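The primary structure of each chain is shown beneath.
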Amino acid sequence: MKVLIFCILILGFVSSCLCERWNINAAPTKNNIYNVVDYGARGDGVTDDTQLKGKIVAPPQKAFKDKSSWIRIQYVNSLTIDGTSTGRIDGFGSTWWPCKSCRRPIALSFHSCNDLTVSNVRITNSPGGHISINGCNNAKFSHMDVQSPGDSPNTDGFDISSSKNILIEDSNIRVGDDCIAINGGSSYINASRLACGPGHGISIGSLGRGNSYETVEEVHVQNCKFTNTTNGARIKTFPGGSGYARKISFEQIHLTNVKNPIIIDQHYGVRDVKESAVKVSDVRYYGIKGTSASDVAINLKCESCFNVVLDQINIVSSQPKKKAQSYCKNFHGKIGSTIPKVNCN
Ligand SMILES: *[C@@H]1O[C@H](CO)[C@@H](O)[C@H](O)[C@H]1NC(C)=O
Ligand SMILES: *[C@@H]1O[C@H](CO)[C@@H](O)[C@H](O)[C@H]1NC(C)=O
């Protein structure tokens, strides 16, 4: 177990290699309070424990040079970050959110990191997505607290791409966009015991944008709660794309006032139907219960769906006197016991 390279780039105000214990005076916040970064690492090539005890606050928007990410950790193996319950990362996103057309940085991004363990980190108010995981193999995130206002734009909780063996467990994610977005090139992604909401739910995709070939497989979401989210379990693909989203399960999900609790949308972004579509197959929805804020609780807008199974589903409308409905198109699979009933003939 060695920390091979341990570089942390806190873009905007400090750019350094963490090779010993650091005490960094961060930029002042708007109240002229200095926040101290107290980020400990031995970096001796043997020890792999890193504790984040203090609070890291981003500088305001105008101080940023790199708009893609704020804290970036890359090319690191066997890194452990433990927030010890007092560690906080505050992206100070309120200075960015009013500008809808701005490119807004991701607060914490992991790129090409293997064997990563992150726990007990509280991360709030990211300008853009909170945590991105790209090109990583074998990472576990647990007891994370990710929080931004429900109306903060494009503030995904976790954004996973081109990565495998990623676990996200026992965490709270309250954001303005996807709780977790699982993008192309990802496999063996498990999300368990999460509380999501507000936000846009857990999304696979969108895949196949601009007629691209993209693949996602072995995604398993279980024992999660969605509250006031605009989607629950979502798979979205663009018409004209190719590739697959397969071996996916959503099991034991509890819903409270969720719009689009179960949705496969293969017409994402556009209305027209094209000849090719990302193939969606071997998908299982099992034990999904609670209330829907939209009329259509189960929405299977397929172009290329095979072996999709729904069973033990019980979703009622969250509005009194309304009845939850379902929609189904080009569906190939098996409908077990579901409320509302799904009629795919
Ligand atoms: C991921 O979830 C699947 C399905 O529940 C399970 O078989 C697998 O063991 C899980 N993987 C890990 C590493 O927890
Ligand atoms: C969900 O939304 C309802 C109605 O807007 C609100 O009363 C409730 O506090 C929200 N719940 C959570 C956990 O945000």
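Residues numbered from 1 in each chain as written. Chains lettered and ligands numbered in written order. Predicted model: local features only at pLDDT ≥ 70, side-chain atom pairs only at ≥ 80, totals over all residues. Heavy atoms only, no water.

- In the nomenclature of an unreviewed UniProt entry, the protein chain corresponds to Polygalacturonase from the organism Pisum sativum.
- Quoted verbatim from the Sequence similarities (unreviewed entry) field of the UniProt record, the comment on the protein chain reads "Belongs to the glycosyl hydrolase 28 family."
- A UniProt comment under Subcellular location (unreviewed entry) is attached to the protein chain, and it reads "Secreted, Cell wall". (UniProt positions renumbered as here; feature names shortened; annotations may be inferred.)

## A closer look at the pattern of salt bridges
Okay, step 1: Tallied over the entire structure, the rule returns 11 salt bridges.
Okay, step 2: With a closest N to O distance of 3.5 Å, Arg 122 and Asp 145 form a salt bridge. A residue pair is termed long-range when its members are at least 10 positions apart, and Arg 122 in strand β12 (residues 122–124) and Asp 145 in strand β15 (residues 145–147) qualify at 23 residues.
Okay, step 3: By relative accessible area, which is 26% here, Arg 122 ends up partly exposed.
Okay, step 4: Salt-bridge contacts for Asp 178 lead to Arg 234; the nearest nitrogen and oxygen are separated by 3.4 Å. Here Arg 234 lies in strand β22 (residues 233–237) and Asp 178 lies in the loop between β17 (164–174) and β18 (180–182), a separation of 56 residues in the sequence. Residue Asp 178 shares its accessibility class with Arg 234, and that shared class is buried.
Okay, step 5: Three or more residues joined by partner-sharing salt bridges are found here, namely Lys 140, Glu 169, Asp 170 and Arg 193. (Salt bridge = Lys/Arg side-chain N within 4 Å of Asp/Glu carboxyl O. Helix = DSSP H or I, 4+ residues; strand = E, 2+ residues; numbered from the N terminus. Buried < 20%, exposed > 50% of the residue type's maximum accessible area, 1.4 Å probe, protein only.)

## Describing the site of ligand 1
Okay, step 1: The local shell around ligand 1 consists of Leu 167, Asn 190, His 220 and Gln 222.
Okay, step 2: Within the side chain of Asn 190, an N or O atom sits 2.3 Å from an oxygen atom of ligand 1.
Okay, step 3: A total of 370 Å² of accessible area belongs to ligand 1 in isolation, and the protein chains cover 39% of it.
Okay, step 4: Residue classes in the shell around ligand 1 are distributed as 1 nonpolar, 3 polar and no charged. (Near = heavy atom within 4 Å. Polar contact = N/O pair within 3.5 Å; in protein donor to acceptor, adjacent residues only side chain to side chain. Areas by Shrake-Rupley, 256 points an atom, 1.4 Å probe, with all protein chains shown as cover. Nonpolar A, V, L, I, M, F, W, Y, C, P; charged D, E, K, R; others polar.)

## A look at the UniProt feature "active site" (unreviewed entry) in the protein chain
Okay, step 1: The feature "active site" (unreviewed entry), as annotated in UniProt, sits at His 200 in this numbering.
Okay, step 2: Along the chain, the position of His 200 falls in the loop between β19 (186–196) and β20 (202–207).
Okay, step 3: Given the relative accessible area of 25%, His 200 is considered partly exposed.
Okay, step 4: Once residues within four sequence positions are removed from consideration, His 200 is found in contact with Gly 176, Asp 177, Asp 178, Cys 179, Thr 230, Asn 231 and Arg 234. (Contact = heavy atoms within 4.5 Å.)

## Regarding the state of the cysteines
Okay, step 1: Counting across every chain of the model gives 4 disulfides.
Okay, step 2: The disulfide partner of Cys 99 is Cys 102, and the S-S distance across this bridge is 2.1 Å. Measuring the twist about the S-S bond at about 95°, one finds the Cys 99-Cys 102 disulfide to be right-handed.
Okay, step 3: According to the relative accessible area criterion, Cys 99 is partly exposed, its value standing at 23%.
Okay, step 4: Classification of Cys 102 as partly exposed rests on a relative accessible area of 22%. (Disulfide = S-S within 2.5 Å.)

## Digging into the environment of Phe 238
Okay, step 1: When you line up the elements, Phe 238 lands in the loop between β22 and β23 (242–258).
Okay, step 2: Classification of Phe 238 by relative accessible area gives buried; the value is 11%.
Okay, step 3: Separated by 30 residues in the primary sequence, Phe 238 and Tyr 268 place their C-alpha atoms 5.0 Å from one another.
Okay, step 4: The residues contacting Phe 238, other than those within four sequence positions of it, are Ser 206, Leu 207, Gly 208, Arg 209, Gln 266, Tyr 268 and Gly 269.

## Let's talk about the pairing of strand β16 (residues 158–161)
Okay, step 1: Alignment of strand β13 (residues 131–134) against β16, held across 4 bridges, turns out to be parallel. Looking at the pairing, Ile 133 lines up with Ile 160 of β16.
Okay, step 2: Sheet topology places β16 next to β18; 3 bridges connect them, and they run parallel. Of the residues in β18, the one forming a bridge with Asp 159 is Ala 181. (Pairing = 2+ DSSP bridges.)

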